[in-house]
Structures are given as C-alpha cells and as structure tokens.
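Structure at a glance
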Amino acid sequence: MEIKNLYKSFGEKLIFDNFSLEIPEQKTTFIMGESGSGKTTLLRIIAGLDKEFKGEISSDFNRISCVFQEPRLFDALTVKQNLEIIENHSYMSINDLLEIVELNGEEDSYPSTLSGGMKMRLSLARALCYNGDLFLMDEPFSALDENMKNRIIPRVFDLLKNKTVLIISHDQDEASKYADKIINI
C-alpha cells in the first residue's frame, strides 16, 4: 500500500501536508506519535471512512478488518451474535475465536454487561472473524491489563502472520516486540 502527497486539514488545523508513506504487505507496521499528530485520521482515511483529503492511496486490499479505539458493537446482540452477524471468513469457529480472546463462557452476555477490556476483546474477535486482507487497529490492546495482554497479544499476532497489519499504538514495548516496521509521525 502506498500513500502519496496526502493533504488533510480540519478547517485551519493542518494535519498532513504532502505526506507520503509506504506500508509493506504481509508485515506488521506500528504507527506511533504524539496525541493529535494524525494517527487515527490516517487510519480513517485508509479505511475509507474519511474521504475529505487530497492525495493518492493505492492499495490492492479488498477486505479491511478494523478495530477502533472504542468498541463498535451491537448492544442488542449477545457476544456470540455480535460475531455471527459478521460474514465469517475466518478459518476458525466462533467458539475458537472466543477462546483466543478469553470470552468463552460469555457467549450469551450483552455488551452492556461487559467491562471495557472485554468489549475490546470482542472487537478484536470481530476483526479476526471478518479476516480481512488488511487489518487496521487503533490502540487495540490499551484497555487490557498486563496479564491479559501477555496472554492475548501473542495469540492475536500468531493469527495475523502473513497479513498486512497497521496498528496505532503508544506502547513502545509492544511495537519493539511485534512490529516489522515502526513509523513515527
């Protein structure tokens, strides 16, 4: 994927001016930088959620899996139904995905009854269930405590081998351990 000459502003606030970036395929790239530097905006542009920009984005990706900073779940659906509603392209069963993110036993729970970390893990399971050829993740592990991170992150990255992954993070340790490439903006 290549981004060329990106220009983006919010009114008078300039976010990107002639910004270019190449994201390697089938690798994990971490985007790091100060708050307000445009990391989330960049992900929204790549995902096609923000079309108010100038520049070029060339990509061969057809299916994009996203994990946002805030979980985007269907509150009227149970944990299992939140996964069943996704067009499942994963080679894993929903029960296996729930086990990976340690939500087995919560299949019949509703998102309103889950903690913030549990909601984030359900969001991760949804992205894995959709099984895009590009994964865009914005602080996907920030709501998890250290013990949970130590158990879940290796499982998630094992499933993302040979995928193109772009992660926004402030966690230098995560980036050092899992990134093939680190970009500071």
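About the cut-offs
Residues numbered from 1 in each chain as written. Predicted model: local features only at pLDDT ≥ 70, side-chain atom pairs only at ≥ 80, totals over all residues. Heavy atoms only, no water. Helix = DSSP H or I, 4+ residues; strand = E, 2+ residues; numbered from the N terminus. Rg over C-alpha atoms; globule rule 2.2 N^0.38 Å. Disulfide = S-S within 2.5 Å. Buried < 20%, exposed > 50% of the residue type's maximum accessible area, 1.4 Å probe, protein only. Pairing = 2+ DSSP bridges. Axes fitted to C-alpha atoms, helices over the stretch in contact; angles between N-to-C directions. Contact = heavy atoms within 4.5 Å. Salt bridge = Lys/Arg side-chain N within 4 Å of Asp/Glu carboxyl O. Right-handed = clockwise from strand over helix to strand, strands pointing away. 1 Å grid on protein atoms, 1.4 Å probe; cavity = no way out; pocket = protein on both sides within 12 Å on 5 of 7 lines; lining within 4 Å. Points joined across faces, edges and corners; volume = space filled by probe spheres on them. Phe/Tyr/Trp six-rings, centres within 6.5 Å; stacked < 30°, edge-to-face > 60°.

Here we take up the overall build of the protein chain. When its secondary structure is counted, the protein chain shows six helices and eight strands. Reading the protein chain from its N terminus to its C terminus gives the helix and strand order β-β-β-α-β-β-α-α-α-β-α-β-α-β. Here the C-alpha atoms of the protein chain give a radius of gyration of 17 Å, agreeing with the 16 Å that 2.2 N^0.38 yields for 185 residues. Along the longest, intermediate and shortest principal axes, the C-alpha atoms of the protein chain span 50 × 35 × 30 Å.

Enumeration over the complete set of coordinates arrives at zero disulfides. We note that Cys 66 lacks a disulfide partner, and the nearest cysteine sulfur, in Cys 129, lies 14 Å from it. Owing to a relative accessible area of 0%, Cys 129 belongs among the buried residues under this scheme.

A word on the sheet that holds strand β7 (residues 164–168). The strand order across the open sheet formed by five strands is β5-β6-β7-β3-β8, and the pairing between neighbours is parallel. In the strand order of this sheet, the two ends are held by β5 (64–67) and β8 (181–184), each with one partner. Averaged over all pairs of adjacent strands, the angle between their axes in this sheet comes to 15°, without regard to strand direction. Examined bridge by bridge, β5 and strand β6 (residues 134–138) share four bridges and lie parallel to one another. Across the sheet, the residue bridging to Val 67 is Met 137, located in β6. Relative to the sheet, helix α4 (residues 116–130) contacts β5 and β6, its axis offset from that of β5 by approximately 175°.

Before going further, it helps to spend a moment on the pattern of salt bridges. Charged atoms that come close allow side chains of opposite charge to pair. Applying the stated rule across the entire model yields eight salt bridges. Of the charged contacts, one joins Arg 72 and Glu 70 as a salt bridge, the two residues approaching to 3.4 Å between their closest N and O atoms. Residue Arg 72 is classed as partly exposed on the basis of its relative accessible area, which comes to 44%. A relative accessible area of 43% means that Glu 70 is categorised as partly exposed. Here Glu 102 ties to Arg 151 by a salt bridge, and the two come within 2.8 Å at their closest N and O atoms. Here Glu 102, found in the loop between α3 (94–100) and α4, pairs with Arg 151, found in helix α5 (residues 146–159); they are 49 residues apart in sequence, far enough to count as distant. For Arg 151, a relative accessible area of 34% gives the class partly exposed.

So, on to the pairing of β6. Most of β6 is tucked away: five of the five residues are buried. What you see with β6 is no split at all: Leu 134, Leu 136 and Asp 138 on one side and Phe 135 and Met 137 on the other are buried throughout. Bridge count between β6 and β7: five bridges; the pairing is parallel. Residue pairing for β7: Phe 135 is matched across the bridge by Val 165. With α5 bridging β6 and its parallel neighbour β7, the resulting β-α-β unit is right-handed.

For the rest of this paragraph, the subject is empty space enclosed by the protein. Rolled over the atoms, a probe as big as a water molecule pinpoints where empty space is left. Across all of its chains, the model carries one cavity of 30 Å³ or more by this definition. Together, Ser 90, Tyr 91, Met 92, Leu 97, Leu 128, Asn 131, Phe 135, Leu 159 and Leu 160 line the largest cavity.

Now for the packing of aromatic side chains. With the rule as written, the count across this model stands at four aromatic pairs. Relative to Phe 157, the ring of Phe 30 lies with its centre 6.5 Å away and its plane at 25°, an arrangement referred to as stacked. In this pair, Phe 30 is assigned in strand β3 (residues 28–32) and Phe 157 in helix α5, connecting sequence segments 127 residues apart. Assigned by exposure class, Phe 30 and Phe 157 land together as buried. Taking 4.4 Å as the distance between ring centres and 10° as the angle between the ring planes, the aromatic pair formed by Phe 157 and Tyr 178 counts as stacked.

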